[in-house]
Amino acid sequence: MHALLRDFDWAASSFGQPASWPEPLRTVVDLMLASAFPMCLSWGADLRLIYNDAYLSIVGQKHPAALGAKMQDVFAELWPDILPFVQRAMAGESCFLQNFSVEITRYGRPGRGWFTFSYTPVSGADGLVGGMLCIATETTEQVQMERRQSFQLRMAEQLRLAVHANEIVATTCRLLGQQLDLSRVSYLEVDEAQRQVSVRHDWTRGDLPALTGLAIDLRDFGPASEQLQQGRILKVDDVATDARTAGHSAAWASTGVRSMLAIPLVRAGALRAIVRAHRTTASAWMVEDMLLAQDAAERAWAALESADAEAQRRSAQEELHRSAGLQAFQLELSDTLRQLADADAIVAAACGLLGRHLGASRVLYAQVEDEKGTFQIRQEWAGAGVAPVSGVISNLDDLGAGIIDALRAGRAVEVDDVDQDPRTAAHARSYARVGVKSFLALPLVSSGWLNTVLVVHKGEPCHWEELDVLRTRDMAERTWSYVETARAQAALRAERDQSQQVFDSMAEGFAMLDADATVTRMNAEGLRICQLGAGDVIGRKTWEIWPGTRDSQMGGLYEQVMTTGKGGVVEYPNPLPDGRVSWLEIRAYPAVDGGLAVFFRGIDHRKLAEEKLIEADRRKDEFLATLAHELRNPLAPIAAAAELLSRGSLDAADVRRSSEVIARQVGHMTALVNDLLDMSRVTRGLASIARAPVDINQIVPEAVEQVQPIVRARGHHLAVHPFPAAAMVVGDHARLVQVLSNLLHNAAKYTPPGGNIAVRVDAQDDYVALAVRDNGIGMSSELVESAFELFSQAQRSPDRAGGGLGIGLALVKSIVELHGGAVIAHSEGPGRGSEFLVLLRRSVEREQAPIGAAESLLAAPSMKQLKVLIVDDNIDAASMLAMLMKVAGHRAWVEHEPQSALALSRTVQPDVCLLDIGLPGMDGNELARRLRAQAATAGAVLIAVTGYSQEQGGNAITPEFAHHLVKPIETSRLLAILRQIGAS
């Protein structure tokens, strides 16, 4: 502007040459040119303009022609609006206008602008006003933003009050029409499939006819319909001249439309609705108009989408929250209840507060016995002079059938006058006895039953406003929430008093971790499982205690729970300090402090069971392969013999030999099939045995005779040691021969050629023992445990290629158990031979035993059957004890881990517990104390089992034990103790 002023031809203007300018004019021009604020100077009788660089944004495209031009010509469109202020300034009066709205044309585009400006008179050399200085700041964006925000707030406020879809649409059209000074605003619903548009609502100004319900063909929009379907706003300043609408101008004119702004609402690729703004005259739509209209349309659509069956309730609640009285009530209620910890005190305070706010005579809680048809007043607040009714029990029928039905359905009941309401008129006298003329009742229905009712009484008729109902409902919900919290906190305090005991006596590990995975607590069982001390764990991060777990399944679980806030579980192989791996089940849950609550327990038993299932499946597959092999072997010689016989050229000797081969192989196959059928009958519970007196000494020769071929073939030495007297049992002679022959056959098969096999029969007062001992390949401890399982076999070797089907020992176990006996396998290890011991109950019809009348080793059948829990980490010793208990007629359970034993004991509730003292992690003394402390085993008889007697310097035995036995256990003493316990 400095450059333009220097080059400007001042001679032709009313300013004259700058050298002749009066000093005030020079001063003002210099000030204006140096200022960063938009300024202009109007000078002379015709008010010619000079302005600075900042003023260019206001002059727009009129620059530079505006320099030196008349103000009236430059701002012709504004002149009627600003002339009064110009006249006042030229009369010597300063003027200040804030956010002044004018229609202004800039860059060829008319529009509305807002300005804050001042007009200041400027004197000439003669002291008279020669012109005026205008300092202007455009506030268009600020005003538009404020108007938009004000409109949005007003619209949001009123849409919240609109409950139904029609109200939402009507509110949107009305607000938009008023805001933009429109003649018509229509909300159109579009059916693209039918190419139809229907006017759902039409807001008009003046006497324009409403178009609500009118159906319009989408084609009436002309080429603009495609633009709308694409989701683009349609702006038409004049429907008669716009190429997109000119062909349909008559249709528009019939509805009083000259200019139009259409906002399409497209959802899921389809045009769903149109908000159309109209004016009856041609006019330019400003960007601000389009933004407002688009925002209004989107808000209307969002409100319509959320207007569902709950809209009225939410609107009422929002109205309630907007009520200053309700807010004050809620604040007072929260402040009052927050200070109380007792549930009864909370209810009493809330009832009193609600009663005072509603001007009620009584507020009470009634406990409903819906099945009995009665209710009792549990708590109440009563105003001054109102008789209390707390504790009164009444019949539900006294309330009126309509009342109780509504409460059962979970609906609030409002009765303005008990004398006039048809639901209560017949029972008005009952209400009058307690001073009730009107009441409000809110039910609490749980699991389909009416449990509690909050009732507000008044002693005079009253019209219950919706706000009263909402306030009462809000109080009830808040009060019930506080009561539940108070009860939960009371329960937590009660639990906290016992938490340490519970924490330490938990049967599984438990730990608390803070937000960065630092262990803050861990119980004794958790420390035992981890084989760590408290000092090794507490206060340390999980990843430091167990390096490498951060990227493991456990670390992933912790991160998942902290991220999602939902509990989870994983199985994790936990490496122990001694090098072993223990499988853990880890369950993690979010804690209130942002950390984790972690439960973990050993699942080695379950993993072992899974492994056993896999092993059983493997053995089944091996069995099928073996069965095919065993059946295929005899088929080969049978087929060869049959082929020879079919040729007819054999002599008598060859025919006989071929027949013998066939008969022998058929016999072998028959034996295999018989074994399979026997096992099938046993496993399905279809096998039965004959019951007759049998002398075990007499079955030995028969069994030995059956296995002589394999014994001779392998060159074994078989020794038989019968009992010197009759060893009588009650059983099936043939089945018992089968048992011994299977055991002998097994011994011969798994003993290298030339081995020794011994059969021994022994008898005591109450049992007969049949033992088969060999010096064969022996068994590992794992094989001993699974020896009697179906399809279980030792590893085959070339000399035992015909190893059978692996069902012989399983069949032995099943037959012995059908006789009420037990069979036990024992081996010192691979290469050290095996022993199988069959124990059967001795018959009462036996001959006199050769030994003296010793105390019976096994409990008599008529003696009480006891539940015996055996806890020993020596698997073989525990199994032998369990077998002995079973033969003695008792029920036995075995556990090898103390914690597992504790858990099992709570389920079994044993009569007797046999506890090894030298248990891992928790010794037998500690286990005894815990068994005695829990209700399920407090009365059990505890028997200590140790490797040393106390006299030999063994561990001290705690008072919880009633008896103490030294390994190896003297069975006669143990069984005598059990007999004594069973007789008591």
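Keep in mind the model is a prediction, meaning the values are calculated, not measured.

Things to note about the sheet that holds strand β24 (residues 717-721)
The strand order across the open sheet built from 5 strands is β24-β26-β27-β29-β28, with neighbouring strands paired in mixed fashion. The open sheet has two edge strands with one neighbour each: β24 and β28 (822-826). Each strand axis lies, on average, 10° off the axis of its neighbour in the sheet, ignoring direction. Each of β24, β26 (756-763), β27 (767-774) and β29 (834-841) touches helix α23 (residues 696-714); the most contacted strand, β24, lies at about 175° to it. Seen against the sheet, helix α24 (residues 733-749) touches β24, β26, β27 and β29 and runs at an angle of roughly 25° to β27.

Regarding the layout of surface pockets
Roughly 1800 Å³ of volume is contained in the largest pocket. What lines the largest pocket is a set of 47 residues, among which H605, L608, I875, E895 and H896 lie closest to the centre. Top element by residues in the lining of the largest pocket is helix α27 (residues 875-887). It accounts for 7 residues. Looking at side-chain class alone, the lining of the largest pocket contains 19 nonpolar, 11 polar and 17 charged residues.

A word on empty space enclosed by the protein
All chains considered together, the criterion is met by 4 cavities of 30 Å³ or more. In this structure, the largest cavity spans a volume of roughly 180 Å³. Of all the secondary-structure elements, those providing two or more residues to the lining of the largest cavity are β3 (95-106), β4 (109-123) and β5 (129-138). Empty space within the second largest cavity amounts to approximately 150 Å³. Among the residues forming the lining of the second largest cavity, the class breakdown is 13 nonpolar, 3 polar and no charged.

Regarding the packing of helix α28 (residues 898-908) against helix α29 (residues 924-933)
At their nearest, the axes of α28 and α29 sit 11 Å apart, and the two run at 20° to each other. As the angle between them shows, α28 and α29 are arranged roughly parallel. Regarding α28 and α29, the two cross each other, and that crossing is right-handed. For the pair formed by α28 and α29, the contact residues are P898, Q899, L902 and S905 on the first element and L927, R930 and L931 on the second.

Describing the sheet that holds strand β20 (residues 568-575)
Reading across from one edge, β19-β18-β22-β21-β20 is the order of the 5 strands in this open sheet, with antiparallel pairing throughout. The outermost strands of the open sheet, each flanked by one partner alone, are β19 (519-522) and β20. Adjacent strand axes in the sheet meet at a mean angle of 25°, parallel and antiparallel pairs treated alike. Sheet analysis places strand β18 (residues 509-513) next to β19, joined by 3 bridges and oriented antiparallel. Considered in β19, the bridge of M512 is made with R521.

Considerations on the packing of aromatic side chains
Evaluated as defined, the whole model comprises 11 aromatic pairs. Between Y55 and F75 the ring centres are 6.5 Å apart and the planes differ by 85°, which places this aromatic pair in the edge-to-face class. In this pair, Y55 sits in the loop between β2 (48-51) and α3 (56-59) while F75 sits in the loop between α4 (71-74) and α5 (79-90), placing the two residues 20 residues apart along the sequence. Considering the side-chain rings of Y431 and F439, the 5.2 Å spacing of their centres and the 15° angle between planes classify their relative orientation as stacked. For the pair Y431 and F439, one class covers both residues: buried. One residue, R279, lies across the ring of W285, its end atom 4.2 Å from the ring centre. Seen from the ring of W583, K607 lies directly overhead, with NZ or CZ sitting 4.1 Å from the centre.

Some words on the side chain of S741
As for its placement among the helices and strands, S741 is situated in helix α24. Judged by relative accessible area, S741 falls into the buried class, the value being 6%. The contacts of S741, once residues within four sequence positions are left out, are A703, Q706 and V707.

Remarks on the pattern of salt bridges
Using the criterion set out here, one finds 31 salt bridges in the structure. Put simply, E926 and R930 hold a salt bridge, and the shortest N to O gap is 3.2 Å. Here R930 and E926 lie together in helix α29, a separation of 4 residues that amounts to about one turn. On the basis of relative accessible area, R930 is assigned to the partly exposed category, the value being 22%. It is possible to trace a salt-bridge network through shared partners that takes in E508, E571, E585, R587, R601, R606, K607 and E610.

Observations concerning the packing of helix α6 (residues 140-161) against helix α7 (residues 165-180)
Axis separation between α6 and α7 bottoms out at 10 Å; the angle between their running directions is 155°. In terms of their interaxial angle, α6 and α7 are classed as roughly antiparallel. For the pair α6 and α7, the sense of crossing is right-handed. Contacts between α6 and α7 involve R147, F151, R154, M155, Q158, L159 and L161 from the first element and E167, I168, T171, T172, R174, L175, L176 and Q179 from the second.

Digging into the nonpolar core
Membership of the largest hydrophobic core comes to 46 residues, with the highest contact counts inside it found for I50, Y51, M71 and Y119. Ignoring sequence-local partners within four residues, the contact set of M71 consists of S42, D46, L47, L49, W79, I82, V86, Y119 and M132. Formed by 43 residues, the second largest nonpolar core is a distinct cluster that contains V707, A725, L736 and V838.

Observations regarding the environment of E585
With respect to the helices, strands and loops of the structure, E585 is situated in strand β21 (residues 581-590). A residue is classified by how much of its surface remains accessible, and E585, at 11% relative accessible area, is buried. Remark: the alpha-carbon pair of E585 and I603, spanning 18 residues in sequence, is separated by 6.3 Å. Sequence-distant contacts of E585, defined by excluding residues within four places in its chain, comprise V569, V570, F599, F600, R601, I603 and R606. In terms of polar contacts, E585 uses its side chain to reach the side chain of R587, at 3.3 Å. Of the polar contacts made by the side chain of E585, one reaches the side chain of R606; its length is 3.3 Å.

Definitions and limits used
- Residues numbered from 1 in each chain as written.
- Predicted model: local features only at pLDDT ≥ 70, side-chain atom pairs only at ≥ 80, totals over all residues.
- Heavy atoms only, no water.
- Pairing = 2+ DSSP bridges.
- Helix = DSSP H or I, 4+ residues; strand = E, 2+ residues; numbered from the N terminus.
- Axes fitted to C-alpha atoms, helices over the stretch in contact; angles between N-to-C directions.
- Contact = heavy atoms within 4.5 Å.
- 1 Å grid on protein atoms, 1.4 Å probe; cavity = no way out; pocket = protein on both sides within 12 Å on 5 of 7 lines; lining within 4 Å.
- Points joined across faces, edges and corners; volume = space filled by probe spheres on them.
- Nonpolar A, V, L, I, M, F, W, Y, C, P; charged D, E, K, R; others polar.
- Parallel < 35°, antiparallel > 145°, perpendicular 65-115°, else oblique.
- Left-handed = near helix turned anticlockwise from the far one by under 90°.
- Phe/Tyr/Trp six-rings, centres within 6.5 Å; stacked < 30°, edge-to-face > 60°.
- Buried < 20%, exposed > 50% of the residue type's maximum accessible area, 1.4 Å probe, protein only.
- Lys NZ or Arg CZ within 6 Å of the ring centre and 35° of its normal.
- Salt bridge = Lys/Arg side-chain N within 4 Å of Asp/Glu carboxyl O.
- Core = buried A, V, L, I, M, F, W, Y, C linked by side-chain atoms within 4.5 Å.
- Polar contact = N/O pair within 3.5 Å; in protein donor to acceptor, adjacent residues only side chain to side chain.

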